[in-house]
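Below are the chains, spelled out letter by letter.
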Amino acid sequence: MRVLLTGGALIALLVGSGFTTGQEIMQYFVAYGYRGVASVALMLLLFIYVNFSFVSAGYEQQFSEPKSIYQYYCGKLLGSFFDYFSVVFLFMSFWVMIAGAGAALHQQFGWPNWIGGVAMGSLALVTLLLGFKRLVEIIGLIGPLLSVLAIVIGIVSYAMAPDGLQNYAEQLEPLVTDRTVLQASSNWFIACASYVGFCMMWLAAFMTNLGKSASSRKEARWGATLGAVMFSLAVLAMMLGLAAHLDDVAGTQIPTLALIAKLHPTLALGFALIVFVAIFTTAAPLLWAPVKRFAPDENSQRHRILLVVLAVIGTLVGLTIPFDRLINIVYVINGYVGFALLFLMLAKDIRTRLFKSEAATVLHP
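Everything numeric here is computed off the predicted structure, so don't read it as measured data.

Undergrad: When you look at the nonpolar core in this model, what are you seeing that I'm missing?
TA: Buried together is how nonpolar side chains tend to be arranged in soluble globular proteins. By size, the foremost hydrophobic cluster in this structure holds 129 residues, and its most contacted members are Met-43, Phe-47, Trp-202, Phe-206, Phe-231 and Tyr-331. Tallying contributions element by element places helix 5 (residues 68-109) first for this core, with 20 residues. For Met-43, the contacting residues outside a window of four places in its chain are Phe-29, Cys-192, Tyr-195, Val-196, Phe-231, Ser-232 and Val-235.

Undergrad: Looking at this structure, I do not really get the packing of helix 1 (residues 2-14) against helix 10 (residues 217-244). What am I missing?
TA: Packed helix pairs are characterised by how far apart their axes lie and by the angle those axes make with each other. The interhelical angle for the contact between helix 1 and helix 10, taken along N-to-C directions, is 40°, at an axis separation of 7 Å. Classified by the angle between their axes, helix 1 and helix 10 sit oblique to one another. Like other packed secondary-structure pairs, helix 1 and helix 10 cross with a definite hand, here right-handed. Here helix 1 contributes Arg-2, Val-3, Leu-4, Thr-6, Gly-7, Leu-10, Ile-11 and Leu-14 to the contact with helix 10, which in turn contributes Glu-219, Ala-220, Trp-222, Gly-223, Ala-224, Leu-226, Gly-227, Ala-228, Met-230 and Phe-231. The class makeup of the residues in the contact of helix 1 with helix 10 is 12 nonpolar, four polar and two charged.

Undergrad: I tried to follow the confidence of the model for the protein on my own but got confused; where do I start?
TA: Across the protein, the average pLDDT comes to 85, with 96% of residues at 70 or higher. Every residue in residues 358-364 is under pLDDT 50, and counting partners more than four places away or in other chains gives zero contacts.

Undergrad: I keep staring at the pattern of salt bridges and nothing clicks. Help me out?
TA: A pair can form between side chains of opposite charge whenever their charged atoms are brought close. All chains considered together, the criterion is met by four salt bridges. Of the charged contacts, one joins Glu-60 and Arg-217 as a salt bridge, the two residues approaching to 3.0 Å between their closest N and O atoms. With Glu-60 in helix 4 (residues 35-61) and Arg-217 in helix 10, this residue pair connects regions lying 157 residues apart in the sequence. Of the charged contacts in the structure, one is a salt bridge between Asp-83 and Arg-293, with a shortest N-O distance of 2.9 Å.

Undergrad: Mind showing me how you'd approach helix 9 (residues 188-213) here?
TA: Along an α-helix, a turn takes 3.6 residues, which lines up residues three or four apart on a common side. With 26 residues, helix 9 ought to run about 38 Å at 1.5 Å a step, and its terminal C-alpha atoms sit 36 Å apart, in line with that. With 21 of its 26 residues buried, helix 9 lies for the most part within the structure. For helix 9, the capping residue at the N-terminal end is Asn-187, with a side-chain oxygen 2.7 Å from the backbone nitrogen of Phe-189.

Undergrad: Looking at this structure, I do not really get unusual backbone geometry. What am I missing?
TA: Where the residue is not glycine, phi is negative for most of them; where a peptide bond is considered, it is trans in most cases. One non-glycine residue, Gln-62, adopts positive backbone phi at about 50°. Tracing the backbone through its elements, the reader meets Gln-62 in the loop between helix 4 and helix 5. Residue Gln-62 is classed as partly exposed on the basis of its relative accessible area, which comes to 40%. Backbone geometry places Arg-179, a non-glycine residue, at a positive phi of 65°. You can see Arg-179 is positioned in the loop between helix 8 (168-177) and helix 9.

Undergrad: Whenever I open this one, the packing of helix 4 against helix 5 confuses me. Can you help?
TA: Packing of helix 4 against helix 5 brings their axes to within 11 Å, and their N-to-C directions diverge by 105°. Comparing the axis directions of helix 4 and helix 5 gives the class roughly perpendicular. Each of Ser-53, Phe-54, Ala-57 and Gln-61 in helix 4 lies in contact with helix 5, whose residues at this interface are Ile-69, Tyr-72 and Tyr-73. Class assignment of the residues belonging to the contact of helix 4 with helix 5 gives a composition of five nonpolar, two polar and no charged.

Cut-offs used in this document
- Residues numbered from 1 in each chain as written.
- Predicted model: local features only at pLDDT ≥ 70, side-chain atom pairs only at ≥ 80, totals over all residues.
- Heavy atoms only, no water.
- Core = buried A, V, L, I, M, F, W, Y, C linked by side-chain atoms within 4.5 Å.
- Buried < 20%, exposed > 50% of the residue type's maximum accessible area, 1.4 Å probe, protein only.
- Helix = DSSP H or I, 4+ residues; strand = E, 2+ residues; numbered from the N terminus.
- Contact = heavy atoms within 4.5 Å.
- Axes fitted to C-alpha atoms, helices over the stretch in contact; angles between N-to-C directions.
- Parallel < 35°, antiparallel > 145°, perpendicular 65-115°, else oblique.
- Left-handed = near helix turned anticlockwise from the far one by under 90°.
- Nonpolar A, V, L, I, M, F, W, Y, C, P; charged D, E, K, R; others polar.
- pLDDT = per-residue confidence, 0-100.
- Salt bridge = Lys/Arg side-chain N within 4 Å of Asp/Glu carboxyl O.
- Expected span 1.5 Å × (residues − 1).
- Polar contact = N/O pair within 3.5 Å; in protein donor to acceptor, adjacent residues only side chain to side chain.

Below, the structure is given as structure tokens:
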């Protein structure tokens, strides 16, 4: 169960507004044609390593504060940069969740954007007032269900229109040219790097904290691996489903809702609520991270006040910028910085492994 909760929490953090609405999948994978499949495969390998490393470091080092993970990998100077940068980026990502919640309910029900945004901000705030442990229990159970649902939707969508992938590349080109379909980058490899990068900035403090609270190293690592595999399968299935119905989903704020409505209009009503729940599972951890950075004690008055202040500010800002543009700006730019962290992680892990190997040789020549 702990492995499932760890993997589920990872999935829940990643399947936020960008994923469940389909905007992330469109901009980072569908927009590159068949090369998007190669991007998913590369993403899977990188995610397994990244999450494996985060939870292992959290379990072994038992950091007193989540921010210490950056200094562990990058040293004091660069670690401080990534620490403060991540706080700003995570809070900006919370804006994206608010915008996504408003856009989802507006597209499906015609409600003003502020209704979904305010509801999302309030739900995240109330949950976080209950504490981190309760947060993990809630989203850890929801995460796997969302992943399975995304896989089923993608497979069913593709099965209904398998011929849609035959002319996929030809249909895509003019849509990218006139920016009906936005691209995260001019190159699929760089787009993948950016995607993994911004996800890493989301995952660093959260997965380190999960690793710290794990009962064993094995439990933490298996949970991280399970989460990475399930999420990648969900991305692949959703990509194929959206690509097979490109004409119907291109240019929409919430591509998955357009896809579900095509399968059956009645299903779109229920799926709009599922999208809302999925956004919540990401919004709450994104709001938790910056609050935890400046007010570590969850029982303190300072923690509660900062939580309320940031929830209100994030909700107001998130309701002022169009959802698809927000993703294209916030995620892409911050993704490049996040990907730089990957190389520092690799260097640290290689040095650590070599040091252990040399120490073992000295002790047991």
